[in-house]
Amino acid sequence: MLNVSIYRYNPEVDNEPYMQDFQFDTQGKDLMVLDVLEKLKIEDPSLVFRRSCREGVCGSDGVNISGKNGLACITPLSEAVKGNSLIIRPLPGLPVIRDLVIDMSQFYAQYEKIQPYMINNSPAPAIERLQTPEERAKLDGLYECILCACCSTACPSFWWNPEKFIGPSGLLQAYRFLADSRDTATAERLSKLDDPFSVFRCHGIMNCVQVCPKGLNPTKAIGHIRNMLMRNPT
Amino acid sequence: MVGIASSFSQSGVINWLVQRVSALVMTAYIVFITVYLLANPNISYAQWSELNSLLSMRLFSLLTMASIASHAWIGIWCVLTDYVTERLLGPKADIIRKVLQVCMIAVILIYLVWAIDILWGF
Ligand code: SF4
Ligand code: SF4
Ligand code: FES
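The written sequence of each chain sets the order in which its residues are numbered from 1. To read the labels, note that chains go from A and ligands from 1, taken in the order they are written. The predicted nature of this model means local features are confined to residues of pLDDT at least 70 and side-chain atom pairs, given and counted, to a pLDDT of 80 or more, with totals for whole chains, interfaces and linings taken over all residues. Just so you know, side-chain values use all the structure's heavy atoms and leave hydrogens and water out.

What makes a residue near a molecule or strand is one non-hydrogen atom of that residue sitting within 4 Å of it. Residues in close proximity to ligand 2 include Cys145, Ile146, Leu147, Cys148, Ala149, Cys150, Cys151, Ser169, Leu172, Cys212, Pro213 and Lys214 of chain A, which together make up its full environment. For the shell around ligand 2, a count of residues per class yields 10 nonpolar, one polar and one charged. The nonpolar class holds Ala, Val, Leu, Ile, Met, Phe, Trp, Tyr, Cys and Pro. Asp, Glu, Lys and Arg form the charged class, and all remaining residues, Gly among them, are polar.

Residues and elements named next belong to chain A. Domain assignment breaks chain A into domain 1 (2-102) and domain 2 (105-231). Where a domain begins and ends is set by an automatic assignment or by a domain database. Computed from C-alpha atoms alone, the centre-to-centre distance between domain 1 and domain 2 is 29 Å. Pairs of residues are marked as contacts when any of their non-hydrogen atoms sit within 4.5 Å. Domain 1 puts 14 residues into the contact, and the matching count from domain 2 is 15 residues. Using a 1.4 Å probe, buried area is obtained as the accessible area two parts lose upon being combined, added over both of them. It is Lys68, Asn69 and Leu94 in domain 1 that bury the most area against domain 2; as a group they hold 40% of the surface buried on that side. Any Lys or Arg side-chain nitrogen found within 4 Å of a carboxyl oxygen on Asp or Glu counts as a salt bridge. On inspection of domain 1 and its partner domain 2, the count reaches zero salt bridges. In protein, a polar contact requires one atom able to donate a hydrogen and another able to accept it; more generally it is a pair of N or O atoms within 3.5 Å, and residues adjacent in sequence count only if both atoms are side-chain atoms. Along the contact surface separating domain 1 from domain 2 lie four residue pairs in polar contact (both at pLDDT 80 or more).

Once that is clear, we can look at the UniProt feature "transmembrane region" (unreviewed entry) in chain B. All names here are of chain B. UniProt positions are given in the numbering used here, feature names are shortened, and annotations may be inferred rather than shown by experiment. Within this numbering scheme, the UniProt entry marks residues 21-39, 59-79 and 99-120 as carrying the feature "transmembrane region" (unreviewed entry). Numbering of helices and strands runs from the N terminus, with a helix taken as a DSSP run of H or I at least four residues long and a strand as a DSSP run of E at least two residues long. For residues 21-39, the end-to-end C-alpha separation is 27 Å, with 100% helix and 0% strand making up the annotated structure. Counted over residues 99-120, helix gives 100% and strand 0%. Its end C-alpha atoms are 31 Å apart.

This paragraph deals with the interface of chain A and chain B. Interfaces are often described in size by the accessible area the parts lose on coming together. Listed per partner, the contact involves 16 residues of chain A and 20 residues of chain B. Here chain A and chain B share an interface that buries about 1600 Å² over both sides, 62% of which is from carbon and sulfur atoms. Its largest share of buried area at the contact with chain B, chain A owes to Trp160, Pro196 and Arg201 of chain A, together 38% of the area lost on that side. Between Arg201 of chain A and Asp82 of chain B there is a salt bridge whose closest N-O contact spans 2.8 Å. Where chain A meets chain B, there are 12 residue pairs in polar contact (both at pLDDT 80 or more). Those elements that provide at least two residues to the side of chain A that touches chain B are helix 5 (156-160) and helix 9 (218-231) of chain A. It is helix 9 of chain A that provides the largest number of residues to the side of chain A that touches chain B, a total of three residues. Its residues placed into classes, the side of chain A that touches chain B shows eight nonpolar, two polar and six charged.

Below, the structure written as structure tokens:
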């Protein structure tokens, strides 16, 4: 039997959060952590977590699994279980709404700040704005982000200043638009990033890279933004 | 609320560059002094005094002092705005942080003036 310990908190009933222990029979299968949560929810319907696609695409089931942020649906028990125990907590650093569900407003507010959409005021061509294959290749490793927040909630700089530091996820997206040959607002975007917090609170700890379930590298994107800021003084 | 009024400069790029360049200057100074002392194990006061009265050496020392001052300002400011905040220490943190920032800047400026006085004073 696997020992599963889950963070529980229902602010309407509980004075404070606590860890609830379950015994779980894996029947020898290497299930995904999400499968375990789903089965435990049948046992205890009051257990609350987010999930949708169950295949690592929607980004809704980011949780802290035995100390490391990840998507429950694509994290197998063989990776997550340490010494026959599985510990599941909400992503750290943001307010808990209930059990494993966190309030992501702060995370989205940072995303909104970087203007995550194409800005190009020239008249749109009849069919589409073309890019060369090389220009398009620059977006690889950036556009795949699913906004799961695993990275930003693993970043100490984001824990300490979530209103001022954009965080790895938002900065990866900021660079996704800075690097897009079709976007014409590069200078304007950069001028909004050159304060001591938005970008420069990143101290290169690289927790973000370590946890990204899509294998993306926000630290590298942040380095590119820093270089662009240095080359284009605002 | 954590503000940026007391930041070394209002630009993240400038702070970042100053932090790196000052680190290089300090490293160069430490390496130079260490090598010099190792190369001259029985250094006399006269020799030491002569070295430190060279214009180039005094400029190097001054540059290093300025580097220590700016490096400390940027670094301590970062630590204070990370950890001495309302989020971590409650409502009194803002005023505590501001007092600490003012003290830090004052101490740094006093040391800098003092160093200039030692190097160039009469
Ligand atoms: S590298 Fe930067 S963004 Fe990534 S976790 Fe570290 S401080 Fe945060
Ligand atoms: S960069 Fe990776 S960890 Fe961060 S939000 Fe995007 S997909 Fe999630
Ligand atoms: S449920 Fe969609 S990413 Fe896990």
